[in-house]
Amino acid sequence: MRCGGTRRTAVTTTVLAALLILLGACGGPGRADTGGAQSGEADTRAADKPADQSADDPAAEPSRIPAADPSRIPDIGPRLQRRIPADSRQVVVVYGDGKDSADATVVLYTRRGSGWDRVRGWPAHNGKKGWTTDHHEGDKRSPVGVFTLSDAGGVLPDPGSGLPYTRSEGIAAPRWWPKSYWHDFDYVIAIDYNRVRGTAPNDQTRPGGYEKGGGIWLHMDHGSGTSACVSVSRPAMRHLLRTLDPDRHPVVVMGDRADLKG
């Protein structure tokens, strides 16, 4: 994995790049889902810096809300709680409204001492058909699990990302998609699900095989469900990009509320 100060810049404008983004990224209408095997799942085994509060999102929930039991992340059951790495100091939780729902809430938690602080939350969307514990290419469901967050990128210039950031026109949504989708990939954070950590978000390598999908990202929202990714507002993406720090070993815990508590 690269350190937080690394920056990668690539500008790709070829037809091949557009094809790759269709095959590998999430969010477009009428296209294959993206998801994958568990190869990028968080490894269950630290700097403690305050989270950035610079984003100004009117939809965001209030900051610094202490958890009821500060030693545990709310509404995450023992099974998934145990899979959060011991050295992780930043956790993004995606609380899906229901197994077959595309609506969700994303909440950022940061560890302070032995407890977890709720930093900020945003409305979000997940896969059009909801969630699954056995994701496959094209099922239009987001995978349930705990995954590391190690790489970011987008069409727009780096906004000050803590994660290594790849700027590439190859990440852009195809212009034959509806206009409401065109800015989905202005900013993205790769979810390490069936991908190789330390590579650009649109890298097509799928260690678990193509049938398990790939290219699942946190990205900008177009107002409805995705193919398998998780989408939030532009201010939310900018906040996450500027706040997530490789030295704090960020992970995402994601799923519908029933599975998260299971």
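Residues numbered from 1 in each chain as written. Predicted model: local features only at pLDDT ≥ 70, side-chain atom pairs only at ≥ 80, totals over all residues. Heavy atoms only, no water.

### Comments concerning the pattern of salt bridges
Going through the model one piece at a time under the given rule, you end up with nine salt bridges. The salt bridge involving Arg 141 is made with Asp 100; its shortest N-O contact spans 2.9 Å. Of this pair, Arg 141 sits in the loop between strand 6 (131-132) and strand 7 (142-143) while Asp 100 sits in the loop between strand 3 (90-96) and strand 4 (103-112), and the two are 41 residues apart along the sequence. In this structure Arg 141 comes out as partly exposed when scored by relative accessible area, which is 22%. (Salt bridge = Lys/Arg side-chain N within 4 Å of Asp/Glu carboxyl O. Helix = DSSP H or I, 4+ residues; strand = E, 2+ residues; numbered from the N terminus. Buried < 20%, exposed > 50% of the residue type's maximum accessible area, 1.4 Å probe, protein only.)

### A word on the pairing of strand 13 (residues 251-256)
Across the six residues of strand 13, six count as buried, placing the element largely inside the fold. Bridge analysis of strand 3 against strand 13 gives six bridges, and the strand direction is parallel. Bridge pairing in strand 13 links Val 94 to Met 254. Pairing analysis gives four bridges linking strand 8 (residues 145-154) to strand 13, with the strands arranged antiparallel. Within strand 13, the residue paired with Val 146 across the bridge is Val 253. (Pairing = 2+ DSSP bridges.)

### Details of the pairing of strand 10 (residues 188-191)
Burial along strand 10 is two-sided: the face carrying Val 188 and Ala 190 and the face carrying Ile 189 and Ile 191 are both buried. In terms of strand pairing, strand 8 meets strand 10 through four bridges, oriented antiparallel. Residue pairing for strand 10: Gly 153 is matched across the bridge by Val 188. Summarising the sheet, strand 10 and strand 11 (residues 217-220) pair through three bridges and their orientation is antiparallel. Across the sheet, the residue bridging to Val 188 is His 219, located in strand 11.

### Notes on the environment of Asp 186
Inspection of the secondary structure assignment puts Asp 186 in the loop between strand 9 (165-167) and strand 10. Every residue in contact with Asp 186, bar those within four places of it in the chain, is listed here: Gly 153, Gly 154, Val 155, Leu 156, Tyr 165, Met 220 and Arg 234. (Contact = heavy atoms within 4.5 Å.)

### Quick word on the packing of aromatic side chains
Taken as a whole and judged by the stated rule, the model has four aromatic pairs. Pairing Trp 177 with Phe 185 gives two aromatic rings, centres 6.0 Å apart and planes at 75 degrees, and the pair type is edge-to-face. For Trp 177, a relative accessible area of 5% gives the class buried. The exposure class assigned to Phe 185 is buried, which follows from its relative accessible area of 0%. (Phe/Tyr/Trp six-rings, centres within 6.5 Å; stacked < 30°, edge-to-face > 60°.)

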